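So the chains spell out like this:
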Amino acid sequence: MTADVKYPKRFLDLTIDSPVEDSKLAYDEMAQVWEKISDNTGYKGHILCVEAFDRTMENKEVYPNPGKDIRILDAGAGTGGIGEMLKARGYTNVDALDISQEMLNIAAARNIYKKLICAPLKDTHMEEIETAEYDTVLCAGTIVYGQVKPGAIEQCARFVKPGGLFIFSIRVDSFDPVGLGFSEKCQELEKNGKWSLVLKEKRELHAAPNEERLRYCYLITYKILK
Ligand SMILES: C[S@@+](CC[C@H](N)C(=O)[O-])C[C@H]1O[C@@H](n2cnc3c(N)ncnc32)[C@H](O)[C@@H]1O
């Protein structure tokens, strides 16, 4: 029966101290049933991030020159939820990055990304991506404890050109607790003038989560300044 497929124990057991390899194993294991898990848990990360993207593209004050050929990175792309929605909107220049080759294989079969990069989002310099390579980075359901370290946020900011956007969801149980480092990293980048906040909203990430800690996220958009 696939009807009650939920997040597996390996995923639910990820902690702030988990090695990145554990996250890769969890998603490799989930890849074939990810869409089912997403449906069953009412997962909305991709929908939220594309909604924030649409809103920003319509706001000329924040993003004066939107074009369908802007370079976009879908970081933690999974099976391509964001890529599919961007393709439907006519965006033609979207790359995918993900730690799990199994997830990316499913995305590849959908023919929605220009380039697929199998690599972990890290908190140290990532050779795979140039500084200011992208106009916008979207990242749904990936920046969360157990999957990435807070410094990965700074890498995502590095990938974006000045004037571009970093749009992501982050579970409240990663952002709110003082000391985990995620909200601190966001504040640090704001204080240093790296970016300015465009939007931060508390939203429902999973409508029917296995566990209450998975229910809410913040949907955040930053504009990169330098
Ligand atoms: C919750 S899924 C979301 C997938 C997709 N963004 C969506 O919204 O449908 C999280 C994705 O992040 C990927 N991931 C987890 N840890 C990662 C890391 N350290 N670096 C890159 N990708 C990672 C997983 O393999 C998985 O595909």
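Keep in mind that this is a model prediction, so the values were computed, not measured. (Residues numbered from 1 in each chain as written. Predicted model: local features only at pLDDT ≥ 70, side-chain atom pairs only at ≥ 80, totals over all residues.)

Give a description of the packing of helix H4 (residues 45-57) against helix H5 (residues 81-88) that names residues and reports values.
Interhelical geometry of H4 versus H5 gives an angle of 40° and a closest axis separation of 9 Å. With respect to their mutual orientation, H4 and H5 come out oblique. Here the hand of the crossing between H4 and H5 comes out right-handed. Note on element contacts: H5 touches H4 through Gly81, Ile82, Met85 and Leu86, opposite His46, Cys49 and Val50. Here the contact of H4 with H5 is composed, by residue class, of five nonpolar, two polar and no charged. (Axes fitted to C-alpha atoms, helices over the stretch in contact; angles between N-to-C directions. Helix = DSSP H or I, 4+ residues; strand = E, 2+ residues; numbered from the N terminus. Parallel < 35°, antiparallel > 145°, perpendicular 65-115°, else oblique. Left-handed = near helix turned anticlockwise from the far one by under 90°. Contact = placed C-beta atoms within 7 Å. Nonpolar A, V, L, I, M, F, W, Y, C, P; charged D, E, K, R; others polar.)

With reference to specific residues and values, describe the UniProt feature "domain: Methyltransferase" (unreviewed entry) in the protein.
Mapped onto the present numbering, the UniProt feature "domain: Methyltransferase" (unreviewed entry) falls on residues 72-164. Span residues 72-164 is 27% helix and 25% strand, its end C-alpha atoms 10 Å apart. (UniProt positions renumbered as here; feature names shortened; annotations may be inferred.)

Could you give me a rundown of the site of the ligand, with the residues and numbers involved?
Within the structure, the ligand sits among 21 residues, and Tyr27, Gly76, Gly78, Gly81 and Gly141 are positioned closest to it. Contributing elements (two or more residues each) for the shell around the ligand: helix H2 (20-30), H4 and H5. At three residues, H2 tops the list of elements feeding residues into the shell around the ligand. For the shell around the ligand, a count of residues per class yields 10 nonpolar, 10 polar and one charged. (Near = placed C-beta within 6 Å.)

Tell me about unusual backbone geometry, residues and numbers included.
Phi is positive for Asn111, which is not a glycine, with a value near 55°. One can find Asn111 in the loop between helix H6 (101-109) and strand E3 (116-118). Under the C-beta neighbour-count criterion, Asn111 is labelled exposed, with 9 such atoms within 10 Å. If you check the backbone angles, Ala132 has positive phi at about 60° while not being a glycine. Secondary-structure assignment places Ala132 in the loop between E3 and strand E4 (134-139). Ala132 gets classed as partly exposed once you count the C-beta atoms within 10 Å, which come to 15. (Buried ≥ 20, exposed ≤ 12 C-beta atoms within 10 Å, placed from the backbone.)

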